[in-house]
Amino acid sequence: MALSPRVRELTLRVRGLTPRVPAAQLVVTFWLLCFLCVPSVFSSVLSSVLSSVAVATATIRGRVELRQPPRDLEPRPSAADLGMPAAHGATDRRRSVVYLDPAPRAAFDLRDEPRARMDQRNETFVPHVLAIVAGTTVDFPNNDRTYHNVFSLSRARTFDLGRYAAGRSKSVRFDKPGIVRVFCEIHSHMSAYILVFSHRYFAVTDDEGRYRIDNVPAGTYTVVAWNGAMPTESKQITVGDGGEAALNFVLERR
Amino acid sequence: MPVRAVAQWLPSGPVRLLDGRLRLGGEISATAGTPADGTFFNYTDYERNTLRTFRAAVTGLWQPAERLAFLAEVRIDDAQSVTAAAAYIRVRPWRGRPFDVQAGRIPPVFGAFGRRAYQADRPLIGYPLAYQYLTSLRSDALPAGADDLLRMRGRGWLSSFPVGSPYAGPGLPLISAFKWDTGVQARWLTPRLEAAVAATNGTISNPRLGDDNSGKQLAGRLAVTPVTGLVLGASASRGNWIARTVPVASTARAQTAFGGDAEYSRGYGMIRAEMVWSRWDVPFVSPPPEGRQAIARAAWIEGRYRISPRIYIAGRADRLGFSSITGASAAIPLPWDAPVRRYELGAGYSVQRNLILRGTLQFNQRNGSRLDRRTFLTAQAVWWF
């Protein structure tokens, strides 16, 4: 059984004591730690054991099929250009996000402060879709030779990073759940989505449209498949203890 | 907490037809401001006030092959006139070389502002004087002497001269931002250098669909990007500007212009500046001591700073001056047209990515004419897709 983070942290702290500490001090410290922490260690271990017994988890997996492959994003046609516009990379709009809505109660116990990355490469945001938990800081490095100006006017997060050159990166922390549309002020064809969740029961599909959500507590859920280019689809599913449930989606334009 | 599965409504790209080979983009702008009160500071060669106008423009790009495209832009101004502002073919002859040729009604090569064809590309509502303000010179009517020209100082919106057309009409700006010329243009583009040349029917001040001046204009521009965010450009042009219908004996009938432009942007700020020097050969019947030339100089600088994701502030200082000539009845030389200064301050608010509301305060001063000062308060809404 894996140790809870608190037990692990305590173990490391105890291991961290060095032989240079006087023996008497070590003994006192040990008994003090035992006196103060053993009850909490015990309760933590007990809680972990109980939760693993009471809340057995399952996996939801499947595939999201897009009936009509989304087209690449093209620049706004401009008659004022003196020639062909510069070539830009293709945007991978095939990726979808599958998530539980609502999330299980145990889902909100998040302690870490994760980071994620959205590149600007060949006048394209990579990835086109990023799914993160609230509290994540996203880096936006510019890997092009031209300026970019990343911004969003979405209600979930409004920001403007200004113009910055190749090799530089700026960051934004996303605290509020919701969908954030990201754009470049200079290049009209650059856009991306950041989906900010208050839980971690979500997954981004792979090249084949497959997804997998692990550690889902047993229960009945609504599972939602989302793609920026298609209408959202949701289905209900019941997962049992330690099981694996398959759920496929087909998204198509109406 | 469930994630709301709705985002702000925005088009993710232009309208696509014919399996994506035809793309349509557009812009609608409505501009309203205080009346011009007969000052005509912001009138264009289309005889419209840029601060009180409604414009709808649709741009279409049909790309039947990778290196071949057809572009057209149709504009409707004030729900009255429909014009084909652009219509041309674009070809890239060699696959591996960034060399393009365009032919038809093409975008201007000279300067930088003329290619900011959309309102959304510009931080302020008013235009720079060099690209909009009407001087008293006309291509279809000419002054016989310096006095004829001096008499029209500050009356570019409706001038009249004894040689050529007997009717009063609008004069010419240094560069027209509202009409594009017809001809052929070639461009070489690298990440650090852009070079473009064009041969067209009209001139930068009087772009033409058909040739009415018995000569082609040659124009060119060279722009370098020494570091990311900084663009330095130099332009030159020369071409006949006087219509064939005007009876003149002189063969000197060219408009010659030079320009320099610069743009620097970083972070939330951007600065643009441009200078234009233009000389028109004027075949006076009785030339003044200064010669058969009328020279105009314009310079402007503008800046924009984004103070929040939705709000920016901007300002421009602009000046237009003219060379002096001596009339038969005047003791001292006078500028052949009334010099103008313009200052504009404004702010913009992005309701959403493609909907911008703006407001500006524009102060104009014209030296040497009856209606010499006016301040205009203007509001504008711009929506594009």
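Reading the values: rules and limits
Residues numbered from 1 in each chain as written. Chains lettered and ligands numbered in written order. Predicted model: local features only at pLDDT ≥ 70, side-chain atom pairs only at ≥ 80, totals over all residues. Helix = DSSP H or I, 4+ residues; strand = E, 2+ residues; numbered from the N terminus. Rg over C-alpha atoms; globule rule 2.2 N^0.38 Å. Contact = placed C-beta atoms within 7 Å. Buried ≥ 20, exposed ≤ 12 C-beta atoms within 10 Å, placed from the backbone. Pairing = 2+ DSSP bridges. Axes fitted to C-alpha atoms, helices over the stretch in contact; angles between N-to-C directions. Nonpolar A, V, L, I, M, F, W, Y, C, P; charged D, E, K, R; others polar. Core = buried A, V, L, I, M, F, W, Y, C linked by C-beta atoms within 7 Å. pLDDT = per-residue confidence, 0-100.

(A) Molecular detail of the overall build of chain B. Along the backbone of chain B there are two helices and 21 strands. Radius of gyration (C-alpha) of chain B: 22 Å, near the 21 Å computed for a compact globule of 385 residues. Oriented by its inertia axes, the alpha-carbon framework of chain B measures out at about 85 × 50 × 45 Å. Sequence separation of 24 or more characterises 58% of the internal contacts of chain B that already satisfy a separation of 6 or more.

(B) Local environment of the overall build of chain A. A count of helices and strands for chain A gives two helices and 18 strands. Across the 254 residues of chain A, 37% fall into the buried class. Long-range contacts, defined as pairs at least 24 residues apart, comprise 64% of the intrachain contacts of chain A with a sequence gap of at least 6.

(C) Broad picture of the sheet that holds strand β15 (residues 219-227) of chain A. Residue and element names in this part refer to chain A. Taken together, the four strands give an open sheet; going across it, the order is β13-β2-β15-β16, and neighbouring strands pair in antiparallel fashion. Of all strands in the sheet, those bounded by a partner on one side alone are β13 (202-204) and β16 (230-239). Averaged over all pairs of adjacent strands, the angle between strand axes in this sheet comes to 15°, irrespective of strand direction. Judged from the eight bridges that link them, β15 and β16 form a sheet pairing that is antiparallel. If you follow Thr 222 over to β16, its bridge partner there is Gln 236.

(D) Just the interface of chain B and chain A, in detail. Listed per partner, the contact involves 47 residues of chain B and 40 residues of chain A. Looking at the side of chain B that touches chain A, the elements that each hand over two or more residues are β2 (22-33), β3 (53-65), β4 (68-77), β5 (81-91), β6 (99-106), β9 (181-189), β13 (254-266) and β19 (340-352) of chain B. Of the residues assigned to the side of chain B that touches chain A, the class counts are 19 nonpolar, 15 polar and 13 charged.

(E) Focus on the nonpolar core. One finds Leu129(B), Ala130(B), Ile175(B), Ala298(B) and Leu320(B) to be the most contacted residues of the largest nonpolar core, which totals 65 residues. Counting residues per element, this core draws most heavily on strand β15 (residues 293-306) of chain B, which supplies four residues. Setting aside residues up to four positions removed in sequence, Leu129(B) forms contacts with Ala298(B), Trp300(B), Asp318(B), Leu320(B), Val340(B) and Arg342(B). If you look at the next biggest cluster of nonpolar residues, it comprises 53 residues, including Val133(A), Tyr164(A), Tyr201(A) and Phe202(A).

(F) Spatial organisation of the sheet that holds strand β11 (residues 178-184) of chain A. All names here are of chain A. Strands sit in the order β6-β12-β11-β8-β9 across an open sheet of five strands; the sheet is mixed. In the strand order of this sheet, the two ends are held by β6 (129-133) and β9 (158-164), each with one partner. Neighbour to neighbour, the strand axes of the sheet diverge by 20° on average, direction disregarded.

(G) Geometry of the confidence of the model for chain B. All names here are of chain B. Residues with a pLDDT of 70 or more make up 96% of chain B, whose mean pLDDT is 92. Taken as a whole, residues 1-8 scores under 50 in pLDDT and shows 23 contacts with residues more than four places along the chain or in a different chain. Both confidence scores are given for the complex: pTM 0.84, ipTM 0.85.

(H) Summary view of the pairing of strand β7 (residues 136-141) of chain A. All names here are of chain A. On β7, burial follows the alternation: Thr 136, Val 138 and Phe 140 on one face are buried, whereas Thr 137, Asp 139 and Pro 141 on the facing-out side are not. Pairing geometry for strand β3 (residues 115-117) and β7, over three bridges, is parallel. Looking across to β7, one finds that Ala 116 is bridged to Val 138.

(I) Broad picture of the pairing of β2(B). All names here are of chain B. The two faces of β2 differ: Arg 23, Gly 25, Glu 27, Ser 29, Thr 31 and Gly 33 on one face are buried, but Leu 22, Leu 24, Gly 26, Ile 28, Ala 30 and Ala 32 on the other face are not. Strand direction decides the pairing type here: strand β1 (residues 15-17) and β2, joined by three bridges, are antiparallel. By the bridge assignment, Leu 17 is partnered in β2 with Leu 22. Counted along the chain from β1 to the antiparallel partner β2, the turn is four residues long, and its residue Leu 18 has a positive phi close to 50°. The pairing of β2 with β3 spans ten bridges and is antiparallel. Directly across from Gly 26, in β3, lies its bridge partner Val 58.

(J) Representation of the confidence of the model for chain A. All names here are of chain A. This prediction gives chain A a mean pLDDT of 80; 75% of its residues lie at or above 70. When the criterion is pLDDT under 50, residues 1-23 qualifies, and its contacts beyond four places in sequence or with other chains add up to 15 contacts. When the criterion is pLDDT under 50, residues 33-54 qualifies, and its contacts beyond four places in sequence or with other chains add up to ten contacts.

(K) Main features of unusual backbone geometry. Here the amide bond leading from Asp101(A) into Pro102(A) is cis, since omega sits at 0°, within 30 degrees of zero. Residue Pro127(A) is reached from Val126(A) by a cis peptide bond, and omega for that bond is 0°. Summarising the element assignment, Pro127(A) is placed in the loop between β5 (124-126) and β6. The residue Asn215(A) is not glycine, and still its phi comes out positive at about 60°. Here Asn215(A) lies in strand β14 (residues 210-217). Assessed through the 13 C-beta atoms surrounding it within 10 Å, Asn215(A) is described here as partly exposed. A positive phi angle is found at Ala79(B), which is not glycine, with a value near 55°.

(L) Focus on the environment of Phe99(B). Residue and element names in this part refer to chain B. Here Phe 99 shows up in strand β6. Phe 99 sits in the partly exposed class, given 16 other C-beta atoms within 10 Å. On a C-alpha basis, the gap between Phe 99 and Arg 187 in space is 5.7 Å, while along the polypeptide they are 88 residues apart. Once residues within four sequence positions are removed from consideration, Phe 99 is found in contact with Arg 92, Pro 93, Trp 94 and Trp 188.

(M) Region of interest: the environment of Val224(A). Among the secondary structure elements, Val224(A) is positioned in strand β15. Sequence separation between Val224(A) and Thr57(A) is 167 residues, and the spatial gap between their C-alpha atoms is 19 Å.

(N) Region of the structure containing the environment of Pro77(A). By secondary structure assignment, the location of Pro77(A) is in the loop between β1 (57-66) and β2 (97-100). In this structure the C-alpha to C-alpha distance between Pro77(A) and Asp101(A), which are 24 residues apart in sequence, comes to 39 Å. What Pro77(A) contacts, discounting residues up to four positions off in sequence, is Pro14(B), Arg23(B), Gly25(B), Thr59(B), Gly60(B), Leu61(B) and Leu71(B).

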